[in-house]
Amino acid sequence: MKRLHVHVAVDDLAASIKFYSTMFAVEPTVAKDDYAKWMLDNPRVNFAISARGAPAGLNHLGVQVESAEELAEMNARLQKLDAEVVEEMGTACCYAKSDKYWATDPTGIAWETYHTLDSIPVFGVQAAGECCVPDPVAKVSGCIPVKAKAASGCC
């Protein structure tokens, strides 16, 4: 079963946790000094926020899958797009180890499709303000894979 993923960069993590916890009527599933995540079932969404120095606003969207087979199916779909697809296997980001594929939609919004393998005790190997992006892809603010023509937005 797939789950929509939404990641928003915020300026004030504590105020945002209070806001979203009230809105969702539940405390975060994961809460760190710079990150929080709600794994909601109604609606079925993985909603994450982070305060790591990135501009506030939409970070990226995604589809979280529950198996390697579902991830392979999503990759097959992405390969049919007129867009660069970036593969990241066993990557560490957002307090999780995951296999991922990134693509950018025609408006420049980054989408990740991923299968979480395990939780980890650190955000990843990135410094504050950075995110989990492979080097061969054009990046904006050191964060999300985007087509080279895109000029703004990041996590």
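Scroll up a little and you will see the structure.
Residues numbered from 1 in each chain as written. Predicted model: local features only at pLDDT ≥ 70, side-chain atom pairs only at ≥ 80, totals over all residues. Heavy atoms only, no water.

1. Let's talk about the pattern of salt bridges
- Applying the stated criterion across every chain yields a total of 8 salt bridges.
- Among the salt bridges present, the one from Asp41 reaches Arg44, with a minimum N-O distance of 3.6 Å.
- Across the pair Arg77 and Glu73 runs a salt bridge, and its minimum N-O distance is 2.7 Å. Of the two residues, Arg77 and Glu73 are both situated in helix H2 (residues 68-79); the distance of 4 residues between them amounts to about one turn of the helix.
- Within the structure, one salt-bridge network assembled from shared partners comprises Lys2, Glu70, Glu73 and Arg77. (Salt bridge = Lys/Arg side-chain N within 4 Å of Asp/Glu carboxyl O. Helix = DSSP H or I, 4+ residues; strand = E, 2+ residues; numbered from the N terminus.)

2. A closer look at the environment of Val63
- One can find Val63 in strand S5 (residues 57-65).
- According to the relative accessible area criterion, Val63 is buried, its value standing at 17%.
- With 61 residues separating them in the primary sequence, Val63 and Lys2 have C-alpha atoms 6.5 Å apart.
- Setting aside residues no more than four positions away along its own chain, Val63 makes contact with Lys2, Arg3, His5, Met74, Trp111, Glu112, Thr113 and Tyr114. (Buried < 20%, exposed > 50% of the residue type's maximum accessible area, 1.4 Å probe, protein only. Contact = heavy atoms within 4.5 Å.)

3. Quick word on the side chain of Asn75
- Position of Asn75 among the secondary structure elements: in helix H2.
- Within the structure, Asn75 has its side chain in polar contact with the side chain of Gln79 (distance 2.8 Å).
- The residues contacting Asn75, other than those within four sequence positions of it, are Val85 and Tyr101. (Polar contact = N/O pair within 3.5 Å; in protein donor to acceptor, adjacent residues only side chain to side chain.)

4. Points about the sheet that holds strand S2 (residues 30-31)
- Taken in spatial order, the 8 strands make up an open sheet running S2-S3-S4-S1-S5-S8-S7-S6, and their pairing is mixed. Edge positions in the open sheet fall to S2 and strand S6 (86-93), since each of these has one partner strand only. (Pairing = 2+ DSSP bridges.)

5. Quick look at the pairing of strand S7 (residues 96-104)
- Of all 9 residues that make up S7, 8 are buried, and the element is covered over most of its length.
- In this structure, S6 lies alongside S7, joined through 6 bridges in antiparallel fashion. From the neighbouring strand, Ala92 faces S7, where its bridge partner is Lys97.
- Hairpin geometry of S6 and S7 is characterised by an intervening segment of 2 residues between the two adjacent antiparallel strands and by a positive phi of about 55° at Cys94.
- Sheet analysis places S7 next to strand S8 (residues 110-119), joined by 9 bridges and oriented antiparallel. Within S8, the residue paired with Ser98 across the bridge is Thr116.

6. Description of the packing of aromatic side chains
- Scanning the model with the defined rule gives 8 aromatic pairs in all.
- Pairing Tyr20 with Phe24 gives two aromatic rings, centres 5.9 Å apart and planes at 20°, and the pair type is stacked. Here Tyr20 and its partner Phe24 are both found in helix H1 (residues 13-24), 4 residues apart, which amounts to about one turn of the helix.
- Under the relative-accessibility criterion, Phe24 is labelled partly exposed at 21%.
- Aromatic rings pair up to connect Phe19, Tyr20, Phe24, Trp38 and Phe47 into one cluster. (Phe/Tyr/Trp six-rings, centres within 6.5 Å; stacked < 30°, edge-to-face > 60°.)

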